[in-house]
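Each chain, letter by letter, is given below.
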Amino acid sequence: MLLRRDRVIVFLALVALTALAWTYVLWLAGNMPTAMSGMRDMNIGPAIEPWSVTQFLMSFAMWAVMMIGMMTPSAAPMILMYARVGRQNRTDGKPLAATGWFAAGYLLVWLGFSLAATLVQWGIERTALLDSRMASASSVLGGIVLIAAGIYQWTPLKDVCLTQCQTPLQFLMRHGGFRGDVPGCLLVGLRHGAYCVGCCWALMALLFVGGVMNVLWIALLSALVLLEKLTPFGRWIARAAGAVCVAAGVWMLLFEPQ
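Looking at the overall build of the protein
Scanning the protein for helices and strands turns up 11 helices and zero strands. In the protein, which comprises 258 residues, the proportion classed as buried is 48%. Restricting to contacts in the protein with at least 6 residues of sequence separation, those with at least 24 account for 80%.

The structure is reproduced here in structure tokens:
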């Protein structure tokens, strides 16, 4: 009963976190002209003003919430497994609190990724290569990103990171098992988050191709991440997606107007 209750509480917390994140993303996408007016000039051009601190923080918040909404569902099996192992081990620490710290470590890595993505966005906008939808305004840039992401889907590093994400129990066994102390929980969460970023960073880069605030594109990438991680043939899905990305990138470079 305690095991079931712990997992239900964790599951409901993850659902609530995901729902809140997606609610914000949908609101932001639906109100972009107003909501983003304080973040950046919508008229992209060669002479773009530097971001203010407020604009940078707003962009970072956009990326951070979006990553939480996209990645929390695929991390749920790992987080639920951590709660389950913690209860079964009957450690002196509280499994729910330990699971919370583990999840915090995981999300902290994605906050770091969000900071990097914000810096990349700032750099691309400074060169006038993003349009008003925050999508690539250059077929060359879009094609290169697609091809690079597609090739990465076939690399050994992608396979290693995806394997770590697909097997929660084996991941815990490889990395010391359940930890009841706060530093230990954070460390295991950080490790899992690092593998997750290693698995998905190239897919997240595709947001600059389809549009950072394109809800359909965000949903498609989220579904692809879920299929890769939660299905037994996830590796083949990753490679098939990689082949499609390479083909689309080549098409964009050869046939789309520059």
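Examining the pattern of salt bridges
Per the stated rule, a full pass over the model turns up four salt bridges. One salt bridge connects Glu228 with Lys158, and the closest N-O pair in it is separated by 2.8 Å. Placement of the pair is Glu228 in helix H10 (residues 215–230) and Lys158 in helix H6 (residues 156–166), with a sequence separation of 70 residues. Take Glu228: its relative accessible area is 0%, and that puts it in the buried class. Measuring nitrogen to oxygen at the nearest pair gives 3.3 Å for the salt bridge that ties Asp181 to Arg179. On the accessibility criterion, Asp181 (33% relative accessible area) is partly exposed.

So, helix H11 (residues 234–255)
The first and last C-alpha atoms of H11 sit 31 Å apart over 22 residues, in line with the 32 Å expected at 1.5 Å per residue. Listing the buried residues of H11 in full gives Gly234, Ile237, Ala238, Arg239, Ala241, Gly242, Cys245, Gly249 and Met252. Looking at the buried residues of H11, the elements they touch are helix H5 (139–152), H6, helix H9 (207–210) and H10.

Observations concerning the nonpolar core
Core analysis: the biggest nonpolar cluster contains 67 residues, and Met66 and Trp110 have the highest contact counts within it. When residues in this core are grouped by element, the largest group, 16 residues, is from helix H3 (residues 53–89). Those residues in contact with Met66 that sit more than four places away from it in its chain are Val25, Leu207, Val212, Met213 and Ile218.

Examining the environment of Gln88
Summarising the element assignment, Gln88 is placed in helix H3. As for Gln88 and Phe178, which are separated by 90 residues in sequence, their C-alpha atoms are 9.9 Å apart.

Thoughts on H6
For H6, the complete set of buried residues consists of Lys158, Asp159, Cys161, Leu162, Gln164 and Cys165. The inward-facing, buried residues of H6 contact H5, helix H7 (168–174), helix H8 (182–205), H10 and H11.

A look at the packing of H6 against H8
Direction vectors running N to C along H6 and H8 enclose 125°, while the axes themselves pass 8 Å from each other. With respect to each other, H6 and H8 are oriented oblique. In this structure, H6 meets H8 at a crossing whose hand is left-handed. Within the contact between the two elements, H6 uses Lys158, Val160, Cys161, Leu162, Gln164 and Cys165 and H8 uses His192, Tyr195, Cys196, Gly198, Cys199 and Leu203. Taken together, the residues of the contact of H6 with H8 break down into eight nonpolar, three polar and one charged.

Some thoughts on the environment of Val160
Its location among the elements puts Val160 in helix H6. Sequence separation of Val160 and Tyr195 is 35 residues, and the distance between their C-alpha atoms is 8.3 Å.

Let's talk about the packing of aromatic side chains
Working definition: an aromatic ring pair is given by the centre-to-centre distance plus the angle between the planes. Taken as a whole, this structure holds seven aromatic pairs when the rule is applied. Between Trp63 and Phe208, the aromatic rings sit 5.4 Å apart at their centres with planes inclined by 45°, giving tilted as the arrangement. Of the two residues, Trp63 sits in helix H3 while Phe208 sits in helix H9, which places them 145 residues apart along the sequence. Comparing Trp63 with Phe208, the two get one shared label, buried. Members of the aromatic cluster, joined through ring pairs, are Tyr82, Phe102 and Phe178. The ring centre of Trp236 lies 5.4 Å from the NZ or CZ of Arg239, which sits over that ring.

Let's talk about a nonpolar patch on the surface
Taken together, the side chains of Val8, Phe11, Leu12 and Val15 define a hydrophobic patch exposed on the protein surface, amounting to about 350 Å² of accessible area. By the secondary structure assignment, Phe11 is in helix H1 (residues 2–30).

Section: the confidence of the model for the protein
Low pLDDT marks stretches whose predicted atomic positions should not be read closely. The predicted model of the protein averages 86 in pLDDT, with 88% of residues at 70 or higher. Counting contacts from residues 40–47, a segment whose pLDDT is below 50, to residues more than four positions away or on other chains yields 15 contacts.

Criteria and cut-off values
Residues numbered from 1 in each chain as written. Predicted model: local features only at pLDDT ≥ 70, side-chain atom pairs only at ≥ 80, totals over all residues. Heavy atoms only, no water. Helix = DSSP H or I, 4+ residues; strand = E, 2+ residues; numbered from the N terminus. Buried < 20%, exposed > 50% of the residue type's maximum accessible area, 1.4 Å probe, protein only. Contact = heavy atoms within 4.5 Å. Salt bridge = Lys/Arg side-chain N within 4 Å of Asp/Glu carboxyl O. Expected span 1.5 Å × (residues − 1). Core = buried A, V, L, I, M, F, W, Y, C linked by side-chain atoms within 4.5 Å. Axes fitted to C-alpha atoms, helices over the stretch in contact; angles between N-to-C directions. Parallel < 35°, antiparallel > 145°, perpendicular 65-115°, else oblique. Left-handed = near helix turned anticlockwise from the far one by under 90°. Nonpolar A, V, L, I, M, F, W, Y, C, P; charged D, E, K, R; others polar. Phe/Tyr/Trp six-rings, centres within 6.5 Å; stacked < 30°, edge-to-face > 60°. Lys NZ or Arg CZ within 6 Å of the ring centre and 35° of its normal. Patch = residues over 30% accessible without salt bridge, like charges linked within 9 Å, V, L, I, M, F, W, Y side chains within 5 Å. Areas by Shrake-Rupley, 256 points an atom, 1.4 Å probe, with all protein chains shown as cover. pLDDT = per-residue confidence, 0-100.

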